[in-house]
Amino acid sequence: MTMATPLTRSARHARIVELLDAGNIRSQSDLAAALDAAGVAVTQATLSRDLDELGAVKLRGVDGEPAVYVLPQEGASPLRPAQRAPDVLIHRLGELLTGVEASANLVVVRTPPGAAQFLASALDKAGLPAVLGTIGGDDTVLVLTRDPDGGPALAAELAELAGRARRGTSPLPAPTSKEHSSP
């Protein structure tokens, strides 16, 4: 086993980004152990500050999977190349969208608990022409469309983007409108 040594802040941040991007870091203790195994010495206080500076958030898993740390991918930094907003949105929809419904100019997007604000931010930054704005709660995003009747079309587009990102998984149920009559 190698002796852990302190690194510069930027080198430590780069290593943390690599570990979080690889996935399955469920706690600061897991991250500290992974850093130690890589020969990086860090205190808990420094690690906590690093996670905050990097914008790391903990997202709960779907279907009872444990929460893991993730990094927002919007924007460029020396540690992570920029991705185009639509690419980021497609990726986030594939990860986080669990359901979608529409009525008039409103779209209700469902996510795992704790993920709605993360997805709302990706929707805002994507700059979709149809989107007027979003409101993110815990597990629900309310999306307002510019067109008074644009909700169903946007819901269908979001479901399609999520399905494309998931490659090979079953598609989401078709968006529904509250305005249609019952059979």
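Look a little higher up for the structure.
Let me sum up the structure you'll find in this document. (Residues numbered from 1 in each chain as written. Predicted model: local features only at pLDDT ≥ 70, side-chain atom pairs only at ≥ 80, totals over all residues. Heavy atoms only, no water.)

## Re helix H5 (residues 116-126)
Every buried residue of H5 is accounted for by Ala 116, Phe 118, Leu 119, Ala 120, Ala 122, Leu 123 and Ala 126. Positive phi shows up at Gly 127, right after H5, with a value of about 65°. (Buried < 20%, exposed > 50% of the residue type's maximum accessible area, 1.4 Å probe, protein only. Helix = DSSP H or I, 4+ residues; strand = E, 2+ residues; numbered from the N terminus.)

## A few points about unusual backbone geometry
Positive phi values are uncommon outside glycine, yet Ala 104 reaches one of about 55°. On the basis of relative accessibility, which here comes to 24%, the residue Ala 104 falls in the partly exposed class.

## A closer look at the sheet that holds strand E3 (residues 99-103)
Spatially, E3-E4-E6-E5 is the arrangement adopted by the four strands of the open sheet, whose pairing is antiparallel. Two strands lie at the open edges of the sheet, namely E3 and strand E5 (131-136), each paired on one side alone. Sheet twist, expressed as the mean angle between neighbouring strand axes with direction ignored, is 20°. Note: E5 against strand E6 (residues 140-145), five bridges, orientation antiparallel. Paired with Val 131 across the two strands is Thr 145, which belongs to E6. Lying over the sheet, H5 contacts strand E4 (106-110), E5 and E6, oriented at roughly 165° with respect to E5. (Pairing = 2+ DSSP bridges. Axes fitted to C-alpha atoms, helices over the stretch in contact; angles between N-to-C directions. Contact = heavy atoms within 4.5 Å.)

## What about the side chain of Thr 134?
Counting through the fold element by element, Thr 134 comes out in strand E5. Separated by 2.8 Å, the side chains of Thr 134 and Asp 124 make a polar contact. Once residues lying within four places of it in the same chain are set aside, the contact partners of Thr 134 are Ala 120, Leu 123, Asp 124, Val 141, Leu 142 and Val 143. (Polar contact = N/O pair within 3.5 Å; in protein donor to acceptor, adjacent residues only side chain to side chain.)

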